[in-house]
Amino acid sequence: MAKKLDSQGRLDDAARAGWLYYVAGRTQDEIAVAMGISRQSAQRLVSLAVAERLIKVRLDHPIAACLEYSAALKKKFNLRHVDIVPSDPDGTSSTVGIAQAGAAEIERWLKRSDPIVVAIGTGRTLKAAVDQLPAIECLQHRVVSLTGNIGPDGSAAYYNVIFSMADVVKARHFPMPLPVLVSSAEERELLHAQALVRSTLDISAQADVTFVGIGEMGVEAPLCLDGFLEKDEMLALMKRGAAGEICGWVFDGEGKLMPDDVNDRVASAPLPSRDTSSVIGIAKGRRKFEAIKAAVTGRQINGLITDEAVAEFLLKG
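Residues numbered from 1 in each chain as written. Predicted model: local features only at pLDDT ≥ 70, side-chain atom pairs only at ≥ 80, totals over all residues. Heavy atoms only, no water.

Looking up the protein in an unreviewed UniProt entry gives the name DNA-binding transcriptional regulator LsrR, DeoR family, with the organism given as Rhizobium miluonense. Recorded in UniProt under Sequence similarities (unreviewed entry), the annotation for the protein is "Belongs to the SorC transcriptional regulatory family." (UniProt positions renumbered as here; feature names shortened; annotations may be inferred.)

As structure tokens, then:
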């Protein structure tokens with residue numbers, strides 16, 4: 001117990017040092033004096049605050065090249081919203097940068113005073129964005145999950161976003177109590193006919209804004225890694241022309257939903273109408289180039305948050 005308390009006390013000190021450094025603008029020497037510690041200890045505490053993700057940084061200055069890419073993508077693909085963040089040439093993370101940008105856009109919608117419906121997909125990138133959200137009280141809004149929160153083995157899906165969002169956003173939340181994929185089209189119809197599920201589907205169709213991840217195809221893709229599709233099923237999908245997926249809905253290289261057995265088994269809600277809802281995809285990374293291109297080409301989404309590398313690829317084609 002004492003060890004746990006010591007650990008919590010150190011995190012408290014790190015949070016204090018981080019606040020003094022990043023918010024109050026104090027130097028490490030000034031922090032050392034204020035906290036009665038050595039400069040080296042102050043430096044270590046500030047580093048710990050960053051390592052433990054106690055500090056969340058947003059860049060407010062718009063970079064000219066990113067703005068140019070944004071305007072060009074809006075025009076080329078007739079998109080409602082585009083946010084381009086700088087690329088890290090040596091970075092390996094698929095979420096750094098766009099998670100912060102995604103959080104800023106989600107927060108902008110949640111701060112509206114008029115009641116809205118916010119629909120949320122699933123996935124690693126979207127969860128990283130929600131993890132960046134500050135605590136927000138917006139009881140006038142409703143937040144609904146487009147996709148199931150149940151894993152293939154019956155456990156709670158780890159990357160389901162609705163519960164992470166419920167921890168920080170004080171609004172009415174409507175989870176989807178289903179898996180992403182079920183065993184047959186008949187089972188999907190039976191489950192969708194249930195009153196609880198029907199209500200969630202009805203709310204999702206009314207979404208004013210929708211935030212989704214974009215999944216690539218391949219044996220390392222989320223649908224395979226999370227156990228929803230076997231490798232041979234994925235390879236067969238790719239052979240039939242699959243380019244990407246959103247909330248389990250698989251589309252081809254032109255961004256059209258495939259008339260396929262897999263889509264017949266998707267239990268997720270359909271994406272809200274792009275005529276009435278801003279459907280914003282959050283994704284980056286070379287592995288997702290083709291999936292993102294198909295999604296914007298076929299208007300699976302009408303908004304995009306990505307990085308310069310993806311923007312350059314989309315504008316070349």
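Now, onward.
Student: Just to check I follow, could you spell out the overall build of the protein for this structure?
Tutor: The helix and strand inventory of the protein stands at 14 helices and 10 strands. In terms of overall size, the protein behaves like a compact globule, its C-alpha atoms giving a radius of gyration of 21 Å where 317 residues would be expected to give roughly 20 Å. Considering only C-alpha atoms, the protein reaches an extent of 65 × 50 × 45 Å along its principal axes. Here the protein, with 317 residues, has 47% of them falling under the buried criterion. Of the contacts formed within the protein by residues at least 6 apart in sequence, a portion of 71% connects residues at least 24 apart. Charge centroids of the protein, computed over 37 positive and 40 negative side chains, lie 3 Å from each other. (Helix = DSSP H or I, 4+ residues; strand = E, 2+ residues; numbered from the N terminus. Rg over C-alpha atoms; globule rule 2.2 N^0.38 Å. Buried < 20%, exposed > 50% of the residue type's maximum accessible area, 1.4 Å probe, protein only. Contact = heavy atoms within 4.5 Å. Lys, Arg positive; Asp, Glu negative; His and termini not counted. Charge placed at Lys NZ, Arg CZ, Asp CG, Glu CD.)

Student: For this particular structure, what's the right way to read helix H5 (residues 98–110)?
Tutor: Residues separated by three or four positions in an α-helix point in the same direction, a consequence of the helix having 3.6 residues per turn. The end-to-end C-alpha distance of H5 is 18 Å, a good match for the 18 Å that 13 residues give at a rise of 1.5 Å each. Most of H5 sits out of view: 11 of its 13 residues are buried. Listed in full, the buried residues belonging to H5 are Ile98, Ala99, Gln100, Ala101, Gly102, Ala103, Glu105, Ile106, Glu107, Trp109 and Leu110. (Expected span 1.5 Å × (residues − 1).)

Student: What am I meant to see in the side chain of Gln300 here?
Tutor: Note that Gln300 resides in the loop between helix H13 (289–297) and strand E10 (303–307). A polar side-chain atom of Gln300 sits 2.8 Å from the main-chain carbonyl oxygen of Gly255. Discounting residues that sit within four places of it in the chain, Gln300 has contacts with Ile246, Phe251, Gly255, Lys256, Leu257, Leu271, Arg274, Val279 and Ala295. (Polar contact = N/O pair within 3.5 Å; in protein donor to acceptor, adjacent residues only side chain to side chain.)

Student: What am I meant to see in the packing of aromatic side chains here?
Tutor: The geometry of two aromatic rings is summed up by the distance between their centres and the angle between their planes. Taken as a whole and judged by the stated rule, the model has 2 aromatic pairs. Here the aromatic rings of Tyr21 and Tyr22 are separated by 5.0 Å at their centres, their planes lie at 80°, and the arrangement is edge-to-face. On the accessibility criterion, Tyr21 (33% relative accessible area) is partly exposed. A relative accessible area of 42% places Tyr22 in the partly exposed class. Where Phe289 meets Phe313, the ring centres are 4.6 Å apart and the plane angle is 20°; that geometry is what we call stacked. Of this pair, Phe289 sits in helix H13 while Phe313 sits in helix H14 (residues 308–316), placing them 24 residues apart in sequence. (Phe/Tyr/Trp six-rings, centres within 6.5 Å; stacked < 30°, edge-to-face > 60°.)

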